[in-house]
Amino acid sequence: MTDPSKHPLVIVVGSGGVGKTTLAAALGLRSTRTGDDSLVMTFDPSLRLKDALGVGDEAREEDTRVKTGGPGGLWASLLDARLTFDKLIDRYAPDEEARQRILTNRFYDRLSANLAGVLEYMASERLFEVSSSDRYSKIILDTPPTRQALDFLGAPERIVSFLDSGAVRIALKPWFDADGKLKVTSKLGMIGRNVEGFFDRMVGLELLRDMAEFFKAFAPLFGGFKERALQVQDLLRSPRTLFVLVSGPGSGRVADTLFFARRLTEAGYHLGPIVVNRVHPELPPVRDTANQGRRLMEWLGRRDHQGVAELRDLVGASHPVVEIPLLPDEPTDLKSLDALGGLFEGRLEEAMARASS
Amino acid sequence: MDVLNRLDRLELLVVTGKGGVGKSTITAALGALLANRGRKVLLIEVDPRENLHHLLETPPSGGEIVEAASNLHLQHIEPRQLLDDVVREKLKVGTLVRKVLASPVYQHFTEGAPGLKQTAVFGRAMRMVEGHGPKQLRKPDVVILDAPASGHGISWMAAPQLVFEVISSGPVGHMASQIATFLKDRNRFGSVVVTSAEEMPIQEAFELFDAMDERLGRQPELVVANAIYPPLPGRAGRDASSRLWARRRAVNEHELARLAERWSGAMAEVPLEPIDAGPSLVGVVGQHLRRALEDR
């Protein structure tokens, strides 16, 4: 099953700048034609795409209805790491005092938006929230603009491994006495003392104090975190979840795309179509070599089609390779987004027919 | 002062830009350009998928310094390796080193702590230009860093300051503070922003200008607008491909105009070239850069 229209959860992955977000929006819009109530979750959409969907910054706070004509509804949600994190604390902090302690902690304040994997983790957190609410029959998730979009998928597992690593246990030790001085008497054993001693020498006590405070304040939340990280992981690997890998054109990108595809399938995710976006048209060669621009266009067409052909040779049998031509204009309204979605569907059908023949 | 002369004086250059805009090509071309002007250049890349050796046709670096041409070297660096080296250097005792390196706490700390890896890479570059490099290349005149496209370039340039704010004492804090000071020095450090003339990359470049202003109090040395479609010749046909070409050119022109409104500093436009990635592309792009910068 490699057709995204048959899956309740579709995850669009790929390198930055290849048109993931626009494609995710187009897929969401198309699914409303068949009566689905769909949600498109995205990071960092271009102004133009926000304009095309007719949503603004209010979509950072809540799912925002897009004015579509189809029988189903379309909602858009813009992900914001810090906001999601704050909301999570609102929900899980045992009382107002604990909530305030976390929100005003220096470690939390500086690091919550910078900490590696937080944005990724928060996206999966939101994903789990909406997918368990049954409010939508279809969810399209556009993954964060990281080069290794795979970071996103590993985030729940990293959180679990972090929580299991003992880092938290050590952080929660009563390291400091009432005066804020490090207790030298803590009985952590040889290894604990070495590791701690190392951190003390390398990073100083101030950071450790902030971290200890942060983890102490956060401790009541960890139980729920871990449980949900595991549930998100199951959701991502479920056969009902389909991944769509988007790549830029050209034979130079083939190795990158294969790398992504292999990592996804090896990690147990269900990869459907591979989309090669913005492919230049193939032009008949001309003898007029003086026309440099024409020569360039011809070269681009050749380069891009060679890339598609190479991908088809290598993975076409297991994943339909869908080529989307470079459009004169990026979609700027619902009509052109819908046209892009239609183009995708047509090309997907061709690619699936090619794969099965 | 002329941009090329200014670039000639810097000791560390960071090349940033959104993924897919040709950042590695510009890094290599800029390196070749400065090497041709007599500077001893080291290109550093940290992306796990090595790229530069393809462009310069050398064997992959695998962590070693590789000579690509006269005065031009490249090295692939694994930031994690640099942090491990710091541990080895500071702890000295073998069993302690092994225990710390194997400890999950250390592993999670170095993976997760923001800015630590970036700071280690800058620290390495700084030590090299100060003459503490390995035997093959004791003291490059300039290190050019091909910064990975993850997030905005600011996450690289602001990293040492962030680390220093969080870890204000101990050797790590001290190192971070020295590097943050180095990055503020206009005579030693500069950045190059690479973008294509498309909406999102240009938008991201604007955000980077704002973030640099706010967090570093400075602006890039140079903006390179890469992969520009050439103007359509007057006698182009009216077929679909000519229309597509005309439209892409129009988008490029529109975005270049938007850039020009916002950015008045040094700027180079590099056209798309029908050349496969490799040394000839690097050479041609280097010439475009030189011409654009000499014209100014």
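Residues numbered from 1 in each chain as written. Chains lettered and ligands numbered in written order. Predicted model: local features only at pLDDT ≥ 70, side-chain atom pairs only at ≥ 80, totals over all residues.

**Let's talk about unusual backbone geometry**
The backbone phi angle of Asp134 of chain A is positive, close to 60 degrees, even though this residue is not glycine. Secondary-structure assignment places Asp134 of chain A in the loop between α7 (118–133) and β5 (138–142). Even without glycine at this site, Asn71 of chain B takes up a positive phi of about 70 degrees. Topologically, Asn71 of chain B is positioned in the loop between β3 (65–69) and β4 (72–76). (Helix = DSSP H or I, 4+ residues; strand = E, 2+ residues; numbered from the N terminus.)

**Focus: the packing of helix α4 (residues 79–91) of chain B against helix α7 (residues 116–132) of chain B**
All names here are of chain B. One can describe the packing of α4 onto α7 by two numbers: an axis separation of 9 Å at closest approach and a directional angle of 75 degrees. The angle between the axes of α4 and α7 places the two elements in the roughly perpendicular class. For the pair α4 and α7, the contacting residues are Pro79, Arg80, Leu82, Leu83 and Val86 in the first and Leu116, Lys117, Ala120, Val121 and Arg124 in the second. A breakdown of the residues in the contact of α4 with α7 according to their chemical character gives seven nonpolar, no polar and three charged. (Axes fitted to C-alpha atoms, helices over the stretch in contact; angles between N-to-C directions. Parallel < 35°, antiparallel > 145°, perpendicular 65-115°, else oblique. Contact = placed C-beta atoms within 7 Å. Nonpolar A, V, L, I, M, F, W, Y, C, P; charged D, E, K, R; others polar.)

**So, the nonpolar core**
Val15, Ala125 and Val143 of chain B are the most contacted members of the largest nonpolar core, which totals 80 residues. With sequence-adjacent residues up to four places away left out, Ala125 of chain B is seen in contact with Leu12, Ile44, Val143 and Leu145 of chain B. Residues Val10, Val244, Leu311 and Phe344 of chain A belong to the second largest nonpolar core, which totals 67 residues. (Core = buried A, V, L, I, M, F, W, Y, C linked by C-beta atoms within 7 Å. Buried ≥ 20, exposed ≤ 12 C-beta atoms within 10 Å, placed from the backbone.)

**Quick notes on the confidence of the model for chain B**
Residues at a pLDDT of 70 or more form 96% of chain B, whose mean pLDDT is 89. For this predicted complex, the interface score ipTM comes out at 0.84, while the overall pTM is 0.85. (pLDDT = per-residue confidence, 0-100.)

**Re the sheet that holds strand β7 (residues 271–279) of chain A**
Residue and element names in this part refer to chain A. Here eight strands make up an open sheet; going across it, the order is β3-β4-β2-β5-β1-β6-β7-β8 and the pairing mixed. Taken across any chain shown, the strands that pair with only one partner, and hence form the sheet edges, are β3 (64–66) and β8 (321–325). If you compare each strand with its neighbour and ignore which way they point, the axes differ by 25 degrees on average. Examined bridge by bridge, strand β2 (residues 38–42) and β5 share four bridges and lie parallel to one another. (Pairing = 2+ DSSP bridges.)

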